[in-house]
Structure formats: C-alpha cells, structure tokens
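Inside the fold
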Amino acid sequence: MKKDSHIHWYPGHIAKAERQLKEKLNLCDVVIEVLDARIPFSSMYNNIKSLLGGKPRLILLNKADLTDKQELKLFIEKIKTDFDNPVMVTDAKNSKDLAPIVKKILELAEPKIQAQMAKGLLRRPARVMVVGMPNVGKSSIINKLTKASKTKVGAKAGVTRQQQWVRINKDIDLLDTPGIIPMRQDDQLAATKLAFVNSVSENAYDNETIAQELLNILSRKYEQQLKEYYNVDNLTLEDIAKSRNWIVSGSEPDIERTATFILKYFRDGKLGKFILDEIES
Ligand code: G4P
C-alpha cells in the first residue's frame, strides 16, 4: 500500500473515458451534470464547457442529504452566478419525486427542438444524458428518472448497439448509461476530496493518509463538532483510536481500523453534515 499523500493517476483510463464521453455527448440535446453536494467544486469537471460545446447543462447537487442545507444554499447561489447554468438539489437515495428535474430538462431542450421544427422537421423527444464523476449518484438518478417508464426506444442512428434510450415521457429520451467524467489530474486537493467521497479507486491512495487528510480538512470548518464526536483534544488517528479503544497487540492504537472507520462514517453521513469545498474557490 502506498504511504505517500498523492492520488495516483492512470492516464490511459482518462483518455479512454474522455473519448467515450465525447461520443455520447454528441448524441444529446441536454446534459445533466451530477455533482457531489459535499464537494460541489471538486466534483465538477473543469473541462466540461469545452466538452459540451454550448449544449444546455443542468447541474444537480446530489447527496444533499449529507450536507448542511443552509451552507449548501450559498454554494447554489455561487454556482448559478459563476457558471450561468440552472442548479438543482437532489437526494437520489431517498427522494421519490424528480418531476422538477423533468420540467427543467424540457425547458432547456425546447429551443433546440423549436429550431429543428422551424427547419421543417417533426417534433421529437429531447435526448438527455447524465454525466459525472464516479459514485456521485448518476445511476441512482437515472433509475429514479426511468422508474415510471421502462420503454426502451432502441438504438439511434450512429449509436453503438449497447447504448439504450429510455423514454421517460413523450418528450424525453434518456440515455440509460451515464457518462463517466475522468478524474481531475490538475489538482491534488480536489483529487483528495474525491477520495474522501469514494470517487477514486481505493488502489490510488493510502487509506491512513487520506483519513488523516479528511480530519485536517474537516477541522478547518468543523473542528469543535468533530472533537466532541470523537471525544478527543487532537484530531489525529492515534488519539481517536485510543479514545475509541481500537487497540492491537495489547496496547498499540489500531490505526488501520481507525482510518477505515473514519472514512466509512464520513461517507455514510454518520460523522455529520459537511461541505468540504470553500465558497471562494
Ligand atoms: P454513480 O452511478 O455515479 O457511480 O453512483 P450510484 O448511483 O451508483 O451511487 C453511488 C452510491 O451513492 C450508492 O450507494 C447510492 O445509493 C448512493 N447515493 C446516490 N445518491 C445519493 C444521495 O442523494 N444521498 C445519499 N446519501 N446516497 C446516495 P452504495 O453504498 O454504493 O449502494 P447502496 O447504498 O445503494 O446500497
């Protein structure tokens, strides 16, 4: 296991992911970009604008149930201002009603559909796809959107056979597989935060280093809350292990187990509701 603090990249995978993403994007009228609401900026793809080439983009801040709602509102405003895209908040694990998203998709697609009709083409359903980094909740959102209708509408011209479209209503076809956004290569801090939320393969980092980094970053905004949660004066793996009585070989703090639990509890929302990005980003 690697003991350095870096996230390790696999350039071959990134190039392939980007190629596949571009192919799918070409087929769509509207793109839904799913972000992890705990790291709204770090889970955003910095190259998305050039990839989309002007296509309408709806930003979903998913896993909102794991964040502080008041703090999240500030991020929503910031993203709306900075990116000039509609932003909606979702909790794809628990929410049943994604009707507002469906309504927004139609609104965003309408200008293109109208332009095609003006050229004499018949009205057709808007084509939509969901993109985002691994584990942000893309599949959960697709499942929720397609739950009501499982009508497969088959492959479209120029689409590989595996690409299936699902008709969610008479006006929307959704690609049933998401576009995976490649991991960021330019920003180690963003990559570290992606590791916290399980968007990075576990092989790419050392668990203990990442757990300690999580404590360090959480401490910037939520120090007191965490110290109370773990009943420690210092937010170190060692102190937390001792406080929890996670001990090996008689008296040694079990650092490995402590790191695993901290990451798991954070990911499950059991440590509290947090946003790890800074609004000034
Ligand atoms: P992906 O396609 O982007 O890779 O993500 P996917 O939908 O597979 O979701 C990844 C994990 O995140 C799943 O948990 C899913 O249940 C959970 N998830 C998705 N949306 C939300 C949300 O809004 N809030 C919360 N709290 N969790 C969400 P898992 O542990 O892999 O599986 P399971 O919990 O469904 O068993």
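Residues numbered from 1 in each chain as written. Predicted model: local features only at pLDDT ≥ 70, side-chain atom pairs only at ≥ 80, totals over all residues. Heavy atoms only, no water.

1. So, the overall build of the protein
What counts, and what does not: The helix count covers DSSP runs of H or I at least four residues long, the strand count covers runs of E at least two residues long, and both are numbered beginning at the N terminus. Think of it in three bands: residues with accessible area under 20% of the maximum for their type are buried, residues over 50% are exposed, and the middle band is partly exposed, with areas taken using a 1.4 Å probe on protein chains only. We call two residues contacting when some pair of their heavy atoms lies within 4.5 Å. All accessible-area figures derive from a Shrake-Rupley calculation using a 1.4 Å probe, and residue coverage is judged against the displayed protein chains alone. Counted charges follow a simple rule, with Lys and Arg positive, Asp and Glu negative, and His plus the chain ends left uncounted. Where a charge lies is defined by one atom per residue type, namely NZ (Lys), CZ (Arg), CG (Asp) and CD (Glu).
The number of helices and strands found in the protein is nine helices and 10 strands. Dimensions along the principal axes, computed over C-alpha positions, put the protein at roughly 75 × 40 × 35 Å. When burial is assessed residue by residue, the protein has 48% of its 281 residues classed as buried. Across the protein, contacts joining residues at least 24 apart in sequence account for 71% of those joining residues at least 6 apart. Carbon and sulfur atoms make up 50% of the accessible area of the protein, which totals about 14000 Å². For the protein, the centre of its 45 positive side-chain charges and the centre of its 37 negative side-chain charges are spaced 10 Å apart.

2. Remarks on the packing of helix H6 (residues 188–196) against helix H7 (residues 207–230)
Put simply, the rule is: Between N-to-C directions, angles cover 0 to 180 degrees, with each direction set by a line fitted to C-alpha atoms, over the stretch in contact for helices. Roughly parallel refers to an angle under 35 degrees, roughly antiparallel to one over 145, roughly perpendicular to one between 65 and 115, and oblique to any angle outside these ranges. Amino acid classes used here: Ala, Val, Leu, Ile, Met, Phe, Trp, Tyr, Cys and Pro are nonpolar; Asp, Glu, Lys and Arg are charged; the rest, including Gly, are polar.
The N-to-C vectors of H6 and H7 enclose an angle of 105°; their axes lie 10 Å apart at closest approach. Of the possible angle classes, the one that applies to H6 and H7 is roughly perpendicular. For the pair H6 and H7, contact is made by Leu189, Thr192, Lys193, Ala195 and Phe196 and by Ile210, Glu213, Leu214 and Ile217, respectively. In terms of residue class, the contact of H6 with H7 is made up of six nonpolar, one polar and two charged.

3. Some words on unusual backbone geometry
If you check the backbone angles, Lys63 has positive phi at about 65° while not being a glycine. Secondary-structure assignment places Lys63 in the loop between strand E2 (57–62) and helix H3 (69–83). In this structure, Ser249 takes a positive phi of about 40° despite not being glycine. Note that Ser249 resides in the loop between strand E9 (247–248) and strand E10 (252–253). Residue classification places Ser249 among the exposed positions, given a relative accessible area of 68%.

4. As for the domain arrangement of the protein
Note the following rule: Residue ranges for the domains originate in an automatic or database domain assignment.
Partitioning the protein into domains gives domain 1 (14–180) and domain 2 (206–267). Inter-centroid distance (C-alpha atoms) of domain 1 to domain 2 is 36 Å.

5. A few points about the site of the ligand
Inclusion rule: Throughout, near means a residue has at least one heavy atom within 4 Å of the molecule or strand. Pairs of N or O atoms are called polar contacts if they sit within 3.5 Å, as long as, within protein, a hydrogen donor faces a hydrogen acceptor (for residues adjacent in sequence, only side-chain-to-side-chain pairs).
In the vicinity of the ligand lie 14 residues, with Asp65, Ala92, Lys138, Ser139 and Ser140 positioned nearest. Within the side chain of Asp91, a nitrogen or oxygen atom sits 3.3 Å from an oxygen atom of the ligand. Between the ligand and Val136 there is a distance of 3.2 Å, counted from an oxygen atom to a backbone nitrogen or oxygen. Starting from 700 Å² of accessible surface for the ligand in isolation, the protein chains cover 63%. The element contributing the most residues to the shell around the ligand is helix H5 (residues 138–146), with three residues. Broken down by class, the residue content of the shell around the ligand amounts to four nonpolar, five polar and five charged.

6. Observations concerning the nonpolar core
Going by this rule: Only buried residues count toward a nonpolar core. Its members are Ala, Val, Leu, Ile, Met, Phe, Trp, Tyr and Cys residues joined through side-chain atoms within 4.5 Å.
In terms of nonpolar packing, the biggest core is built from 85 residues, with Ile32, Ile101, Leu145, Leu218, Phe266 and Leu276 touching the most fellow members. A domain split of this core shows at least three residues from each of domain 1 (14–180) and domain 2 (206–267). Not counting residues within four places of it along the chain, the set of residues in contact with Leu276 comprises Arg38, Ile39, Lys193, Phe196, Leu214, Ile217, Leu218 and Phe266.

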